[in-house]
Amino acid sequence: MPGGRAQRPREPERTEDGAALALFGVVPAPTPSHAHGLDDPTVRFVARDEVAAAVRPAPAVRGRPGRTELLDHHAVLDALAARGPVVPVRFGTVLPGRDALVELLAELHDQLAATLRHLAGRRQFNLRASYVEESVLRDLVMTQPEVAALRQRTKDLPEAASYADRMRLGELVAGAVEVRAAADAQALLDDLAPLVSSLRLRSESSGMQVLDVAMLVEDARTTALLDRLETLAAQNHEDLRLRLVGPMAAYDFAGDLAWA
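Residues numbered from 1 in each chain as written. Predicted model: local features only at pLDDT ≥ 70, side-chain atom pairs only at ≥ 80, totals over all residues. Heavy atoms only, no water.

**Q** Just checking my understanding: could you explain the confidence of the model for the protein for this structure?
**A** Detailed conclusions should not be drawn from predicted coordinates in areas where pLDDT is low. Of all residues in the protein, 84% have pLDDT values of 70 or greater, and the mean over the chain is 83. This model gives residues 1-16 a pLDDT under 50, and the stretch forms 42 contacts once residues within four places in sequence are excluded. (pLDDT = per-residue confidence, 0-100. Contact = heavy atoms within 4.5 Å.)

Laid out in structure tokens, this is it:
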């Protein structure tokens, strides 16, 4: 999480009307509490009623942004999220000037304000669960006779001579893993659901990946969630790997805004 020495809170500042602005996200206005302690003094806030946009002057000559710029974008958003709710804006969003930004904030004001109220006191965590491949395959060999037989039959044969059997073995393993992953993913979601405000799948199960889910978590429940995940990781360490990322800005819970 970005840190840095504390700076004096800044009131929302005006930017030059004609200067293009790179947009990070939208926060409640007024914004001194968001500005306090941000590492980047170039980040400013443009307010419209209850909401304010976190911006930075866009480079006069804009090339294709790279990984460094992407990481910087997320670092600013996560620093803002550590200080209060923020509606993230898609990386690379640039507006032609302050007037265009204020017009956009006015147009989306009610939706933005409602989203910020929903996100207040909550941040996002991303959880990925994946199988330990050797353990899962060992279990399949022990519990499914056809898998065991095909594995034994193809073990010492050249690939060309056992092509059909290898194809069948691959199909059986993939199907069995898919069925198991669906059940294990649902069990994980059911277990964690009481500790989170919202869940959103980020991608479908594939191969050895069991679950990839975004969770919107109340700050007051974060410790309970972390404790529960540690327990689950310990209970399933032979078969399952859990990877948690966060807390972060609520990228997956910003509503249906086209630029979020």
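The rest of the description comes next.
**Q** What should I look at first to understand helix 4 (residues 109-119) in this one?
**A** Among the residues making up helix 4, those that are buried are His109, Leu112, Ala113, Thr115, Leu116 and Leu119. Considered in projection along helix 4, the buried side chains sweep an arc of 165° and stay on one side of the axis. In helix 4, those exposed residues whose orientation departs by more than 90 degrees from the buried face are Asp110 and Arg117. The positive-phi residue at the C-terminal boundary of helix 4 is Gly121, with phi of around 75°. (Buried < 20%, exposed > 50% of the residue type's maximum accessible area, 1.4 Å probe, protein only. Helix = DSSP H or I, 4+ residues; strand = E, 2+ residues; numbered from the N terminus. Arc of directions from axis to C-beta.)

**Q** Looking at this model, I keep getting lost on the sheet that holds strand 7 (residues 198-201). Mind explaining?
**A** Consider a sheet: its strands pair through backbone hydrogen bonds, and that pairing is either parallel or antiparallel. Strand order across the open sheet formed by 4 strands is 7-8-6-9, with antiparallel pairing between neighbours. Taken across any chain shown, the strands that pair with only one partner, and hence form the sheet edges, are strand 7 and strand 9 (240-248). Neighbour-to-neighbour, the strand axes of the sheet open up by a mean angle of 20°, direction not taken into account. Pairing geometry for strand 6 (residues 122-131) and strand 8 (residues 209-218), over 9 bridges, is antiparallel. Each residue of the ladder has a partner; that of Leu127, found in strand 8, is Val213. Contacting strand 6, strand 7, strand 8 and strand 9, helix 7 (residues 163-192) crosses the sheet at an angle of about 15° to strand 8. (Pairing = 2+ DSSP bridges. Axes fitted to C-alpha atoms, helices over the stretch in contact; angles between N-to-C directions.)

**Q** Would you explain the nonpolar core in this entry?
**A** Side chains of nonpolar character tend, in soluble globular proteins, to be buried together. Core analysis: the largest hydrophobic core is formed by 29 residues, its most contacted members being Tyr131, Leu140, Leu192, Val210, Leu211, Met215 and Leu225. Counting residues per element, the ones that place at least two in this core are strand 6, helix 5 (133-143), helix 6 (145-154), helix 7, strand 8 and helix 8 (222-235). For this core, the leading source of residues is helix 7, giving 10 residues. Not counting chain neighbours up to four residues away, the residues in contact with Leu211 comprise Leu127, Arg128, Ala129, Ala185, Leu188, Leu189, Leu201 and Ser205. (Core = buried A, V, L, I, M, F, W, Y, C linked by side-chain atoms within 4.5 Å.)

**Q** Would you mind going over the packing of helix 5 against helix 7 with me for this structure?
**A** Two packed helices can be described by the angle between their axes and the distance between those axes. Two elements in contact, helix 5 and helix 7, have axes whose closest approach is 11 Å; the angle formed by their N-to-C orientations is 110°. Considering the angle they form, helix 5 stands roughly perpendicular to helix 7. Where helix 5 abuts helix 7, its residues Val136, Leu137, Asp139 and Leu140 lie against Val173, Ala176, Val177 and Arg180. Classifying every residue of the contact of helix 5 with helix 7 by side-chain character gives 6 nonpolar, no polar and 2 charged. (Parallel < 35°, antiparallel > 145°, perpendicular 65-115°, else oblique. Nonpolar A, V, L, I, M, F, W, Y, C, P; charged D, E, K, R; others polar.)

**Q** For this particular structure, what's the right way to read the pattern of salt bridges?
**A** Summed over the entire model, instances satisfying the criterion amount to 12 salt bridges. Asp239 is paired through a salt bridge with Arg180; the nearest N and O atoms lie 3.8 Å apart. In this pair, Asp239 sits in the loop between helix 8 and strand 9 while Arg180 sits in helix 7, placing the two residues 59 residues apart along the sequence. Its salt-bridge partner being Asp212, residue Arg202 comes within 3.6 Å of it at the nearest N-O pair. Here Asp212 lies in strand 8 and Arg202 lies in the loop between strand 7 and strand 8, a separation of 10 residues in the sequence. (Salt bridge = Lys/Arg side-chain N within 4 Å of Asp/Glu carboxyl O.)

**Q** Explanation requested: helix 7 in the structure shown.
**A** Residues spaced three or four apart along an α-helix point in a common direction, a consequence of the helix completing one turn every 3.6 residues. Its 30 residues give helix 7 an end-to-end C-alpha distance of 43 Å, which sits within 8% of 44 Å, the value for a rise of 1.5 Å per residue. All of the buried residues along helix 7 are Leu169, Leu172, Val173, Ala176, Val177, Ala181, Ala185, Leu188, Leu189 and Leu192. (Expected span 1.5 Å × (residues − 1).)

**Q** For this particular structure, what's the right way to read the side chain of Thr93?
**A** Residue placement: Thr93 occurs in the loop between strand 4 (87-88) and strand 5 (94-95). Polar side-chain contacts of Thr93 include one of 2.7 Å to the backbone oxygen of Arg90. (Polar contact = N/O pair within 3.5 Å; in protein donor to acceptor, adjacent residues only side chain to side chain.)

**Q** I keep staring at unusual backbone geometry and nothing clicks. Help me out?
**A** Glycine aside, negative phi is the norm for most residues, and most peptide bonds take the trans geometry. For the bond running from Gly246 to Pro247, omega is 5°, close enough to zero to count as cis. Even without a glycine there, the phi angle at Asp49 is positive, about 55°. Looking at where Asp49 falls in the secondary structure, it is placed in the loop between strand 2 (44-48) and strand 3 (51-57).

**Q** It is not clear to me how the environment of Ala185 should be interpreted in this structure. Could you clarify?
**A** Take Ala185: it is sitting in helix 7. Taking the C-alpha atoms as reference points, Ala185 and Gln209, 24 residues apart in sequence, are found 9.6 Å from one another. In this view, Ala185 contacts Val210 and Leu211; residues no more than four positions away in its chain are not counted.

**Q** Sorry, what's going on with the packing of helix 6 against helix 7 here?
**A** Close contact between helix 6 and helix 7 brings their axes to 10 Å; oriented N to C, the two are set at 145°. Like other packed secondary-structure pairs, helix 6 and helix 7 cross with a definite hand, here left-handed. On helix 7, the residues touching Glu146, Val147, Leu150, Arg151, Arg153 and Thr154 of helix 6 are Asp165, Arg166, Arg168, Leu169, Leu172 and Val173. Broken down by class, the residue content of the contact of helix 6 with helix 7 amounts to 5 nonpolar, 1 polar and 6 charged. (Left-handed = near helix turned anticlockwise from the far one by under 90°.)

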